[in-house]
Amino acid sequence: MVPRVRVDLKKLESNAHTLREHLLRCGIEVASVTKVFGADPKIVEAIHRGGIRFFADSRWQNLQRIDPAMGKRLLLRIPMLSEVEMVAKYADMSLQSEWRVLQALDEAMAAQSKTHEVLLMIDLGDLREGFFDEEDLFATAEKLLRSKHLRWVGTGTNLTCYGGVLPTRENLDRLVRTTRKLEEHFRISLPWIAAGNSSSLYLTESGKKEEWNFLRIGEAIVVGTEAAFGQPYLGLHRDCFVLETEVVESKRKPSVPIGEIGKNAFGETPVFEDEGEQLRLIVAIGRQDVDPLDLEPLNPRMRILGASSDHMILDGTHLEESDAQVGSRVLFNMNYRAILRTFTSSYIDRVYL
Ligand SMILES: *Cc1c(COP(=O)(O)O)cnc(C)c1O
């Protein structure tokens, strides 16, 4: 069914492989972040074929769809107290910052006679999740070490998420120093220092070994860019996901609406430039499914003019006639947000290449 997302599993496998090989040389383990494609099992398998053995998602409902044989399942969003039972059931590992949650999780794991691995989050200044106060961190770590069914396996941080704070040698060095201090204080060794997401990748470009050794990567695998500056990374494929839509109307019309201009369907007052008569195409997709700003037509001779909830309007004036008829397919390159939105819309189908 159209509209649908064309998913290139070979390119995703290749991205996973290229990224993992590169990071391995820097001494860094990588978890594939699956929330952007709702942990679609075919995509998870392709990334597994690329060599990745950690899968991370913000929701246990998505982790539930991942076969444990694919690797370790890591929960990204610090859990609600009310969901610890589900976390205990479907996650092997999680990011944590509150003792009350850890305590409840320990009890839930005891009931299932299993152990769960924990990364304690440290807030380096982006001001989303994580310990900010060192005393709080050390006090929680002490209690965590005494928990029977939780295994403390390291520290982590999250940057460029709320505050837009970039990862740098300086702030990641603070994460490393805090981790070493914890290790010395408790006379333990912590296997993982998880230094963020795709925005930390630019720091690995030199291929040099780092003291931090774990990254959670969504963007780079699915759209081929690092997230600090949005630059192409390692020559990864940029077109693993392509949106396919269908033309439902193709007519010559003026470029400026006729009549007094009030507000559009979204309460905005639009402005128009007169470009004369155009061949205007309507494709059957709208802002309910995806934001047109997150799409780019594959055909450079075509331009998005706008969209309401269920219709997207394109300028097809410069197209070949065969590309501009009712029933013609129109393809779009998608950014990270577009993939996330279309994979959570129940009106958009998927086809695997
Ligand atoms: C979504 C998410 C990521 C992945 O971020 P990308 O920029 O897509 O690599 C990493 N860590 C956490 C905690 C997340 O929620």
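What comes next is a walk through the structure. (Residues numbered from 1 in each chain as written. Predicted model: local features only at pLDDT ≥ 70, side-chain atom pairs only at ≥ 80, totals over all residues. Heavy atoms only, no water.)

As a structural note, the neighbourhood of the ligand is formed by 13 residues, with Lys35, Ser198, Arg216, Gly218 and Glu219 the closest of them. In this structure, a nitrogen atom belonging to the ligand sits 2.9 Å away from a side-chain N or O atom of Arg216. Gly218 is positioned such that a nitrogen or oxygen atom in its backbone is 2.8 Å from an oxygen atom of the ligand. Summarising the interface, the protein chains cover 91% of the accessible area of the ligand, which totals 390 Å² for the free molecule. Residues of the shell around the ligand, tallied by class, amount to five nonpolar, four polar and four charged. (Near = heavy atom within 4 Å. Polar contact = N/O pair within 3.5 Å; in protein donor to acceptor, adjacent residues only side chain to side chain. Areas by Shrake-Rupley, 256 points an atom, 1.4 Å probe, with all protein chains shown as cover. Nonpolar A, V, L, I, M, F, W, Y, C, P; charged D, E, K, R; others polar.)

Glancing now at the packing of aromatic side chains. Tallied over the full model, the rule gives eight aromatic pairs. Ring centres of Trp60 and Tyr90 lie 6.0 Å apart, and the angle between their planes is 15°; on these two criteria the pair is classed as stacked. In this pair, Trp60 is assigned in helix α3 (residues 60-63) and Tyr90 in helix α4 (residues 84-90), connecting sequence segments 30 residues apart. On the accessibility criterion, Trp60 (14% relative accessible area) is buried. Take Tyr90: its relative accessible area is 15%, and that puts it in the buried class. Every member of this aromatic cluster is reached through a ring pair, and the members are Phe54, Trp192 and Phe214. Above the face of the Phe266 ring, Arg287 is positioned so that its terminal group lies 3.7 Å from the ring centre. (Phe/Tyr/Trp six-rings, centres within 6.5 Å; stacked < 30°, edge-to-face > 60°. Helix = DSSP H or I, 4+ residues; strand = E, 2+ residues; numbered from the N terminus. Buried < 20%, exposed > 50% of the residue type's maximum accessible area, 1.4 Å probe, protein only. Lys NZ or Arg CZ within 6 Å of the ring centre and 35° of its normal.)

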